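Observations on chain architecture
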Amino acid sequence: MWYNKEMEIQSTQEMTELGRKLGEKMATPAAIELIGDVGVGKTTFTQGLAEGLGIDEEINSPSFTISKRYALPKGGELVHYDFYRLNDAGIMRDELAETLAGENNVVIVEWAGGVADLLGDRVVKINISLQEDSSRLVEISDPNHFLMNNGR
């Protein structure tokens, strides 16, 4: 259903709703690489995803803190990384590898560049791009079907 899908998003509410729907269906462990320029809606998507995963906390961008962690209601964590400000991931690379090994974690990585190799074949890639009319084109690539519901 969700693999290799392309859609146009017209509003912040639609972006949040897309994230929520994916969060409700997401199997764990999961890794998502969010691709897109600053301001295209990556944090808005993540807020919806967190809601779909059952997280009640306020979700903020980890742009300045590099990572943020949120407990999942049924165990594990949603961990959101943003490597935009790092030329070299350094010790954060090791932390990401450890987090990806958690069997109940959902990991979101923005600006993956130097750590993309850690995401492996289980990564779902979501590319968000701004269109001329201010809508967003969202392309979801999930060739290994990691967004499919596994009983959650």
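Our subject is the structure listed above.
Remember, predicted model here, so these are calculated numbers, not experimental data.

Each value, and the rule that gives it
Residues numbered from 1 in each chain as written. Predicted model: local features only at pLDDT ≥ 70, side-chain atom pairs only at ≥ 80, totals over all residues. Heavy atoms only, no water. Buried < 20%, exposed > 50% of the residue type's maximum accessible area, 1.4 Å probe, protein only. Helix = DSSP H or I, 4+ residues; strand = E, 2+ residues; numbered from the N terminus. Pairing = 2+ DSSP bridges. Axes fitted to C-alpha atoms, helices over the stretch in contact; angles between N-to-C directions. 1 Å grid on protein atoms, 1.4 Å probe; cavity = no way out; pocket = protein on both sides within 12 Å on 5 of 7 lines; lining within 4 Å. Points joined across faces, edges and corners; volume = space filled by probe spheres on them.

1. Some words on the pairing of strand β5 (residues 106-110)
Taking burial as the measure, the five residues of β5 include five buried ones, the bulk of the element. Neither face of β5 is open: one carries Val-106, Ile-108 and Glu-110, the other Val-107 and Val-109, and all of them are buried. In the sheet, strand β2 (residues 30-35) pairs with β5 via five bridges, with the strands oriented parallel. Note that in β5 the partner of Ala-30 across the bridge is Val-106. Pairing of strand β4 (residues 77-82) with β5 involves five bridges; the strand directions are parallel. Paired with Tyr-81 across the two strands is Val-109, which belongs to β5.

2. Quick look at the sheet that holds β2
The pairing of strands in a sheet happens through backbone hydrogen bonds and is either parallel or antiparallel. Strand order in the open sheet formed by seven strands is β1-β7-β6-β2-β5-β4-β3, and the pairing between neighbours is mixed. Two strands bound the open sheet, and with one partner strand each, they are β1 (5-9) and β3 (67-71). Taken over all neighbouring pairs, the strand axes of this sheet differ in orientation by 15° on average, direction set aside.

3. Considerations on the layout of surface pockets
Rolling a probe over the atoms, with the probe sized like a water molecule, indicates the empty space that remains. Here the largest pocket is characterised by a volume of approximately 210 Å³. Forming the boundary of the largest pocket are 13 residues, of which Val-38, Gly-39, Lys-42, Ser-61 and Ser-63 lie nearest the centre.

Just geometry here; none of it tells us what the structure is for.
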